[in-house]
Amino acid sequence: MLASQLIFTLFLIIFFKFIKTVLNYIGDFRRKKDLKHLPIVPFVGHKFHLTKKRTELYDYFLELSDGFKNEPFWCLWIGTIPIAIIHHCDIVDSFFTTSQHTKKSWQYNLVHPWLGSGLLISEGDKWYSRRRLLTKAYHFEILEKFNEIMNEHADLLIQKFEKLIKDNKKIEIFKESKLCTLDIICETAMGVNLESQKSTNLDYVWCVDKASKLLNDRFNAPWYWADFVYYKTEPGKEFKKCLDVLHNFTKDIIQKRDAEFDDLSYESKGKFAFLDILLAAKRNDSDLTFQDIQDEVDTFMFEGHDTTASGLAWTVLLLAEYPTIQENLYREIEKELGNGNKQLTSNDLRKLKYLDCVIKESMRLYPPVPPMTQSSVIVRPI
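What comes next is a walk through the structure. Each chain has its residues counted from 1, running along the sequence as written. Two thresholds apply to this predicted model, a pLDDT of at least 70 for residue-level local features and 80 or more for giving and counting side-chain atom pairs, whereas whole-chain, interface and lining totals are computed over all residues. Side-chain measures were taken over the full set of non-hydrogen atoms in the model, leaving aside hydrogen atoms and water.

### Digging into the packing of aromatic side chains
And then number 1: By convention, a stacked pair of Phe, Tyr or Trp rings (six-membered ring in the case of Trp) has centres within 6.5 Å and planes under 30 degrees apart, an edge-to-face pair has planes over 60 apart, and any other such pair is tilted. Applying the stated rule across the entire model yields nine aromatic pairs.
And then number 2: With 5.3 Å between their ring centres and 70 degrees between their planes, Tyr230 and Tyr231 make a pair best called edge-to-face.
And then number 3: Directly above the aromatic system of Phe290 lies the positively charged group of Lys282, at a separation of 4.5 Å from the ring centroid. Remark: a charge is flagged as sitting over a ring if the NZ atom of Lys or the CZ atom of Arg is within 6 Å of the ring centre and within 35 degrees of the ring normal.

Take a look at the structure:
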């Protein structure tokens, strides 16, 4: 008797959730029926278009955007969820210059197990308070104090490239650049020299790379989006094992740094890591927990190295494809800095106007993070 009641109750819950999903879908479809979109399969949407290989998706979305170039935006349906694709700068400006749209879209839920509620995923008042707190860590005067660290790891990267060239071996620009940027962000953010460029056998380095690939694969596989499905699969189990390694590593660093933290030395030494700012803030704000600190550190460790390496790799590729641009850039560097092996300063970089244009154009053509998604909870004219 009890079992049949439980089954009946479960059936009612599933039935009402199904009806709610159907009604929401019909309402969304009616409200957005005038938005241009590809031919759609009811309740499936355009999921079949996302089954393309990861290497083909970017070019595919460029083709779609070009096909809808005369529209202010177009609609992509992921199952029953509508996504408005905005690709005109004036509409993007209208959307992001208001403080009403800081709510992250559902796709960020896939990143939450790794990065927690850090700056990338948080929203509303929490996002604003964290951004105010963390902005001071990236003031140009503070960044200048880390020039020595950046030069040191960049020099090591160049030495590796020179050796590979001398040995007539293939150079994997993105892979080697990721190790360099990981060393830089680790030492500047946490005050720890990971030395991943010298030893690629470190568990942390391997797990960062593996978790990144698994996360990308999950983004492109709608059947993996539900947690209760994903974590029962082999990729899901492997992703969880990687997260255990990554979280334990940063947690250990935070605890050791906190135990050694000296408020007086923090204020006086001038050069302090991103983690130091968070630990100092915790002493003045009881609401800031160690979990909050770990979320921010994990966020900047991942976002700070992967995107930078991607931008660097694309820039190098484009310079190889456009030798005239490469020659102009070389002449500027030779003119402004000479051909010596000096340690670069912020003043040196400010002289390289052409380099600045090259990097910005490269990021325009191949942005390290092509899509950016937000949820609009307010209907407003554009």
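### What to know about the side chain of Asn151
And then number 1: Structurally, Asn151 can be placed in helix 7 (residues 147-166).
And then number 2: In contact with Asn151, other than residues within four places in its own chain, are Gln343 and Leu344. Only DSSP runs of H or I covering at least 4 residues are called helices, and only runs of E covering at least 2 are called strands; the numbering of each starts at the N terminus. Residues count as neighbours in contact if any of their non-hydrogen atoms are within 4.5 Å of one another.

### Some words on the nonpolar core
And then number 1: What we call a nonpolar core is a set of buried Ala, Val, Leu, Ile, Met, Phe, Trp, Tyr and Cys residues that are connected through their side-chain atoms within 4.5 Å. Exposure classes here rest on a 1.4 Å probe applied to the protein chains alone. A residue is buried below 20% of its type maximum, exposed above 50%, and partly exposed in between. Grouped together as the largest cluster of nonpolar side chains are 45 residues, with contacts concentrated most on Trp114, Phe239, Leu246, Phe274, Ile293, Val297 and Met301.
And then number 2: Put simply, the parts of the chain that give this core at least two residues each are helix 4 (112-115), helix 5 (124-135), helix 8 (173-190), helix 9 (203-219), helix 11 (234-260), helix 13 (274-284) and helix 14 (290-321).
And then number 3: Apart from the residues lying within four places of it in its own chain, the contact partners of Phe274 are Leu134, Ala137, Tyr138, Thr188, Ala189, Glu296, Val297 and Phe300.
And then number 4: Listed in part, the 10 residues of the second largest apolar core include Phe68, Leu76, Ile78 and Leu110.

### A closer look at unusual backbone geometry
And then number 1: For Asn168, which is not a glycine, the phi torsion comes out positive at approximately 55 degrees.
And then number 2: Along the chain, Asn168 turns up in the loop between helix 7 and helix 8.
And then number 3: Phi is positive for Glu195, which is not a glycine, with a value near 55 degrees.
And then number 4: With relative accessibility at 37%, the residue Glu195 sits in the partly exposed group.

### As for helix 7
And then number 1: Its 20 residues place the ends of helix 7 28 Å apart at the C-alpha level, agreeing with the 28 Å of an ideal helix rising 1.5 Å per residue.
And then number 2: Packed against the buried residues of helix 7 are helix 6 (140-144), helix 8 and helix 16 (346-351).
And then number 3: One or two residues past the end of helix 7 sits Asn168, with phi positive at roughly 55 degrees. Helix span is expected to be 1.5 Å times the residue number reduced by one.

### Thoughts on the state of the cysteines
And then number 1: Any two cysteine sulfur atoms lying within 2.5 Å of each other are counted as a disulfide. What the rule picks out here adds up to zero disulfides.
And then number 2: Take Cys207: it sits in no disulfide, and the sulfur closest to it among the cysteines is that of Cys242, at 4.1 Å.
And then number 3: In this structure Cys242 comes out as buried when scored by relative accessible area, which is 2%.

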